[in-house]
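# Descriptive structure summary
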Amino acid sequence: MTSQGLHLSGAPFLRQENKGLAEPHGSRALGESAERSSKHNRQVTLSVPYWEQWREEAHAVKRFAIHHLDQLLVEFERNAVGRGATVLWAKDAEEANRHVLDIVQKHQVKTVVKSKSMVTEEMELNHVLASVGVRALETDLGEYLVQLAGQRPVHIVTPALHLSAEDVGRLFAEKLNEPFTSEHEKLTDIARRHLREEYLRADMGISGVNFALADTGSICIIENEGNAGLSISAPPVHVAVMGMEKVIPSIRYLPLFLNLLARSGTGQKLTTYTHLVHGVTPGRHFYIIILDNGRSNVLRDPASRSSLFCIRCGACLNACPVYRRTGGWAYGWVYPGPIGAIITPHLVGMEDAGKLPFASSLCGACGEVCPVKIDIPHQLVHLRYRAVNSPSPVRSPLERLVWKAWSWAMASPLRYRLAMSVVRWGVRFAKYLPWHPAQLGAWTRGRELPEVPGYTFRSWWRHRGAELSREPATPGKKSNPVTQEVSA
Ligand code: SF4
């Protein structure tokens, strides 16, 4: 399996989705894992009697934080600088990369160890570092695997969800010259052995930030493998890159978010490690880069603003039937699943990612599991509205024509009935066509035309209503108001 065709300049969802459909083994394994995680994590969250109350509180804290972002970020900067950190601001990925390259030059960095950070994926930081001859190694096991395989993460919490133990064994044999094994313990031993050396050799560690605490100027990073702790403490320079929405008002709210994030993300009560970085120790250097990169666009749109509440737990991905079927690459950019569908159009632009909000059945599962109660389904609908009404609509001329015809037919009962008759006859006779409808494209390749029943719902309803109205009334039995209405 490869991630070829994946690109960061946009997200033509349907084209990528069709690629996913051509890889049934890969997407099935991912779908099963996501579903398993979703069920497990859901049980864990539902076992907390005050779960709903926690969600409400977290929503309120995040709402306050996003509505006071300007003040909280300044407060965070002041307190972080007071503890010896250097805080740098970046309006886009390019400026953030320039900051990192300046730090690299200043400290003569040759090798970097990185702990998991989606925001540095946004910046394509590894490529930028490689372009100046700096080797950046991912140390989170999942990220390490996808980096070795030359792929992109498929999930924001479990980046190598699509790889089986056998896949990993083959990868280690090919890239690290290790004897093949598919035993989990042996595989983690191999990864640990190779990574251990790197922490000691690295000149700089780069991390993301889970929460930035305005009142203390500290950052919080959570993880399970110990790699983040080593990445930020072993090398003499630590650069933490955070999206500007990561700030919360006070350390007092941190336990609430840690409880929600661990349970929703991995079904744990708490992650194995919680690192609080309060400034810098003598002889070391600590930089924090605060990145906008399109987040101001989200802030400007009141209907989308709450997507900035996201704490990147990944629960909405696991719950989403579309993500489970298509996998992460189909979304074409860094953030897959429902959260990707609502933030990517803001971050990369509606022209490139306007199709993403349509990658949903609007079943509502994402909104139900979100620990900070982001109303994802409504945001999807809002973005769909914006996409079809934008100056460069995402629909093709043919699609626009079809929808125009549809709305014309739907506007009158007579036209609707006529249109339904044409569709029924069309479906019935499609099987006699000299070519198979599967040739219409990838969508039809995996689907059969339905059998058309001998009657329509409307005729069934009329017939049934008439039948019921003839039935003798049973004493004591209440008559059905629906059929009464029909027979009347
Ligand atoms: S939108 Fe909600 S469920 Fe999805 S990743 Fe963000 S916090 Fe988690």
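Nothing here was measured: the structure is a model prediction, and the numbers come from that model.

## Let's talk about the packing of aromatic side chains
For the structure on display, the rule yields 11 aromatic pairs. Measuring from ring centre to ring centre gives 5.7 Å for Trp 425 and Phe 429, while their planes differ by 15 degrees; the resulting arrangement is stacked. Pair noted here: Trp 425 and Phe 429 are both in helix α21 (residues 413-430), with a separation of 4 residues, about one helical turn. Put simply, the rings of Tyr 50, Trp 51 and Trp 54 touch in pairs and so form one group of aromatic residues.

## Notes on the site of the ligand
Inspection of the region around the ligand gives 13 residues, with Cys 310, Cys 313, Gly 314, Cys 316 and Cys 370 positioned closest. Looking at side-chain class alone, the shell around the ligand contains 11 nonpolar, 1 polar and 1 charged residues.

## Some points on the nonpolar core
The tendency in soluble globular proteins is for nonpolar side chains to be buried side by side. Within the largest apolar cluster, 84 residues are counted, with the highest numbers of intra-cluster contacts made by Phe 76, Phe 211, Ile 219, Ile 288 and Tyr 323. With residues up to four places along the chain from it excluded, the contact list for Ile 219 reads Phe 76, Val 209, Phe 211, Ala 212, His 238, Ala 240, His 275, Leu 276, Val 277, Phe 286 and Ile 288. In terms of nonpolar packing, the next biggest core, distinct from the first, is built from 23 residues, Val 100, Val 109, Leu 129 and Tyr 287 among them.

## Focus: the environment of Ala 130
Along the chain, the position of Ala 130 falls in helix α7 (residues 125-131). With 19 residues separating them along the chain, Ala 130 and Thr 111 place their C-alpha atoms 9.9 Å apart.

## A look at the sheet that holds strand β5 (residues 211-213)
The mixed open sheet is built from 4 strands, whose spatial order is β8-β5-β6-β9. Both edges of this open sheet fall to β8 (247-248) and β9 (273-277), since each of them pairs with a single strand only. Note: β5 against strand β6 (residues 218-223), 3 bridges, orientation antiparallel. The residue of β6 that forms the bridge with Phe 211 is Cys 220. On the sheet, helix α12 (residues 254-266) packs against β5, β6, β8 and β9 and is oriented at approximately 175 degrees with respect to β5.

## Comments concerning the sheet that holds strand β10 (residues 285-291)
On the basis of which strands lie adjacent, the open sheet formed by 6 strands has the order β1-β10-β7-β4-β2-β3 and parallel pairing. A single partner strand is all that each edge strand has here, and the edge strands are β1 (86-90) and β3 (135-138). Going across the sheet, the axis of each strand differs from the next one's by a mean of 20 degrees, ignoring polarity. In this structure, strand β2 (residues 111-114) lies alongside strand β4 (residues 204-207), joined through 3 bridges in parallel fashion. Paired with Lys 114 across the bridge in β4 is Ile 206. Helix-sheet contacts for helix α4 (residues 69-82) involve β1, β7 (237-243) and β10, and the interaxial angle to β1 is about 150 degrees.

## Observations concerning the environment of Lys 431
Mapped onto the fold, Lys 431 is located in the loop between α21 and α22 (442-445). By relative accessible area, which is 57% here, Lys 431 ends up exposed. Taking the C-alpha atoms as reference points, Lys 431 and Leu 449, 18 residues apart in sequence, are found 8.7 Å from one another.

## Some points on the packing of helix α9 (residues 165-176) against helix α10 (residues 184-201)
It is the contact of α9 with α10, at a shortest axis distance of 10 Å, that shows an interaxial angle of 35 degrees. Here the hand of the crossing between α9 and α10 comes out left-handed. For the pair α9 and α10, contact is made by Ala 165, Val 168, Gly 169, Phe 172 and Leu 176 and by His 184, Leu 187, Ile 190, Ala 191 and His 194, respectively. A class-by-class count of the residues in the contact of α9 with α10 yields 7 nonpolar, 3 polar and no charged.

## Focus on the confidence of the model for the protein chain
Per-residue pLDDT for the protein chain averages 88, and the proportion of residues at 70 or more is 88%. Note on residues 20-24: pLDDT is under 50 here. Beyond four places in sequence and across chains, it has 6 contacts. Low pLDDT (under 50) marks residues 480-488, which in the prediction has 7 contacts with non-local residues, meaning those over four places away or in another chain.

## A few points about a nonpolar patch on the surface
A cluster of nonpolar residues, Trp 403, Trp 406, Met 410, Met 420 and Val 423, forms a patch on the protein surface that exposes about 480 Å² of accessible area. Looking at the nonpolar patch, the elements that each hand over two or more residues are α20 (397-410) and α21. Looking at the nonpolar patch, the element that brings in the most residues is α20, giving 3 residues. Position of Trp 406 among the secondary structure elements: in helix α20. Looking at Trp 406, the relative accessible area reads 46%, which means it is partly exposed.

## Points about unusual backbone geometry
In terms of backbone geometry, most residues other than glycine have negative phi values and most peptide bonds are trans. If you check the backbone angles, Glu 124 has positive phi at about 55 degrees while not being a glycine. Even without a glycine there, the phi angle at Leu 362 is positive, about 55 degrees. Mapping Leu 362 onto the fold places it in the loop between α17 (350-353) and α18 (365-369). Judged by relative accessible area, which is 34%, Leu 362 ranks as partly exposed.

## Focus: the side chain of Ser 250
Along the chain, the position of Ser 250 falls in the loop between β8 and α12. Side-chain polar atoms of Ser 250 contact the side chain of Asp 215, separated by 2.8 Å. A distance of 3.0 Å separates a polar side-chain atom of Ser 250 from the backbone nitrogen of Arg 252. Aside from chain neighbours lying at most four places away, what touches Ser 250 is Leu 213 and Asp 215.

Criteria and cut-off values
- Residues numbered from 1 in each chain as written.
- Predicted model: local features only at pLDDT ≥ 70, side-chain atom pairs only at ≥ 80, totals over all residues.
- Heavy atoms only, no water.
- Phe/Tyr/Trp six-rings, centres within 6.5 Å; stacked < 30°, edge-to-face > 60°.
- Helix = DSSP H or I, 4+ residues; strand = E, 2+ residues; numbered from the N terminus.
- Near = heavy atom within 4 Å.
- Nonpolar A, V, L, I, M, F, W, Y, C, P; charged D, E, K, R; others polar.
- Core = buried A, V, L, I, M, F, W, Y, C linked by side-chain atoms within 4.5 Å.
- Buried < 20%, exposed > 50% of the residue type's maximum accessible area, 1.4 Å probe, protein only.
- Contact = heavy atoms within 4.5 Å.
- Pairing = 2+ DSSP bridges.
- Axes fitted to C-alpha atoms, helices over the stretch in contact; angles between N-to-C directions.
- Left-handed = near helix turned anticlockwise from the far one by under 90°.
- pLDDT = per-residue confidence, 0-100.
- Patch = residues over 30% accessible without salt bridge, like charges linked within 9 Å, V, L, I, M, F, W, Y side chains within 5 Å.
- Areas by Shrake-Rupley, 256 points an atom, 1.4 Å probe, with all protein chains shown as cover.
- Salt bridge = Lys/Arg side-chain N within 4 Å of Asp/Glu carboxyl O.
- Polar contact = N/O pair within 3.5 Å; in protein donor to acceptor, adjacent residues only side chain to side chain.

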